[in-house]
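Take a look at the letters that make up each chain.
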There are 2 protein chains.
Amino acid sequence: MTESGPRVRMVPPGDDRERLVCPECQYVAYRNPLIVVGSVAEWQGRILLCRRAIEPCRGLWTLPAGFMEENETTLEGAAREAHEEAGATIEIGALLGIYQLPRISQVHFFYRARLLSPEIAAGIESLEVGLFEWADIPWLKLAFPTVRWALADFDARRGQSDFPPAGNPAGYPPGSEANWSPDQPFTPD
Amino acid sequence: MTESGPRVRMVPPGDDRERLVCPECQYVAYRNPLIVVGSVAEWQGRILLCRRAIEPCRGLWTLPAGFMEENETTLEGAAREAHEEAGATIEIGALLGIYQLPRISQVHFFYRARLLSPEIAAGIESLEVGLFEWADIPWLKLAFPTVRWALADFDARRGQSDFPPAGNPAGYPPGSEANWSPDQPFTPD
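The following refers to the structure shown.

Conventions adopted
- Residues numbered from 1 in each chain as written.
- Chains lettered and ligands numbered in written order.
- Predicted model: local features only at pLDDT ≥ 70, side-chain atom pairs only at ≥ 80, totals over all residues.
- Heavy atoms only, no water.
- Helix = DSSP H or I, 4+ residues; strand = E, 2+ residues; numbered from the N terminus.
- Buried < 20%, exposed > 50% of the residue type's maximum accessible area, 1.4 Å probe, protein only.
- Least-squares fit on C-alpha atoms with pLDDT ≥ 70 in both.
- Contact = heavy atoms within 4.5 Å.
- Polar contact = N/O pair within 3.5 Å; in protein donor to acceptor, adjacent residues only side chain to side chain.

### Focus: unusual backbone geometry
Part 1 of the argument: For the peptide bond that leads from A:Glu55 to A:Pro56, omega is -5 degrees, which places it in the cis range.
Part 2 of the argument: Within the fold, A:Pro56 resides in the loop between β5 (46-52) and β6 (61-62).
Part 3 of the argument: Look at B:Gln44: it is not a glycine, yet its phi comes out positive at around 50 degrees.
Part 4 of the argument: The topology assignment puts B:Gln44 in the loop between β4 (34-43) and β5 (46-52).
Part 5 of the argument: Judged by its relative accessible area of 66%, B:Gln44 falls in the exposed class.
Part 6 of the argument: Its identity is not glycine, yet B:Asp162 carries a phi of approximately 55 degrees, on the positive side.

Structure follows, in structure tokens:
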């Protein structure tokens, strides 16, 4: 297959930075940061987790989360992801954290949420889903740093309301999350 | 000029919703929500505003704000926009509001900020810039609903810290902002 699509780096007319442009059709692919929306969703003290069926991090555990789509709010996106990945119906609560990943141009929103029933089922992006007691969370098999951070920020804010969302935790300033591994100790924000 | 670029609506292989695809090169233009980052920046009680030199809303007043770029945080983006549009150097403070505009697939972040000096100068996207006493803000000549909302949420949170960011104000649920006009009364969140 020959190379195609926007692939030439140039500054388009009227712009002030390089973008990817298609040399065949002149289409400019503006790349802007992506929003990921997810939740720490609880049923009687147990936390909803999904084991990933897709790369990256296939086989590891994640909170239900994914890319925000057009024509939805961040809250609607977080609820949609819980439904798509875990068959769960959730009610979104407080915004626990906004995590900045400038190295990969992503901003992650994680909400506190409540499952409206314990009925869950693995979606096509999940190998299995489960409701975990806090002590049984597979801490050493979590897929992404922001999953760990959101769980820690959920735990630190139990019983609280009206708080500002957490940011990246101490020790993980924006851009440093590539150094993360699930077995490292850390202090939540 | 003939039509070019991604313009055919179809569901790409492995996807579950329609995207815009280029019939010449098969490039899929994934369109995801865009983040706008801005600030309510203060110098000795006066608020920094910019009169827009570009469409939409050329000639009307806005807070310094714009699309978040790759490889920056929302805070860095808000500071960059104040510098680009108003020549201002600002220190970012609390997150005042996160406004959801699903109709146009945008999420707007507005921060409280402090000018580090009163030196400001119109950037290329501004006709003029100014520092306004609260009573002198051109309320009936504001460019966008989220500018009004951020100013109202700034005012409602004076002297406060550790608050959750405001959402869309009462009376403007997500999707309804097209009905906004600067002369309508409203209640902040």
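### Things to note about the relation of the copies chain B and chain A
Part 1 of the argument: With an RMSD of 0.1 Å, the operation that places chain B on chain A is a rotation of 180 degrees combined with a shift of 0.0 Å along the axis. The two molecules are tied by a two-fold rotation axis, judged by turn and shift. Residue B:Pro164 of chain B places its C-alpha closer to the rotation axis than any other residue of that unit, at 2.1 Å.
Part 2 of the argument: Here 100% of the interface residues in chain B have copies in chain A that are interface residues too; the copies meet face to matching face.

### Here we look at the side chain of A:Asn32
Part 1 of the argument: Residue placement: A:Asn32 occurs in the loop between β3 (28-29) and β4 (34-43).
Part 2 of the argument: Within the structure, A:Asn32 has its side chain in polar contact with the backbone oxygen of B:Met68 (distance 2.9 Å).
Part 3 of the argument: Beyond its immediate stretch of four places on either side in the chain, A:Asn32 contacts B:Leu34, B:Phe67, B:Met68, B:Glu69 and B:Glu70.

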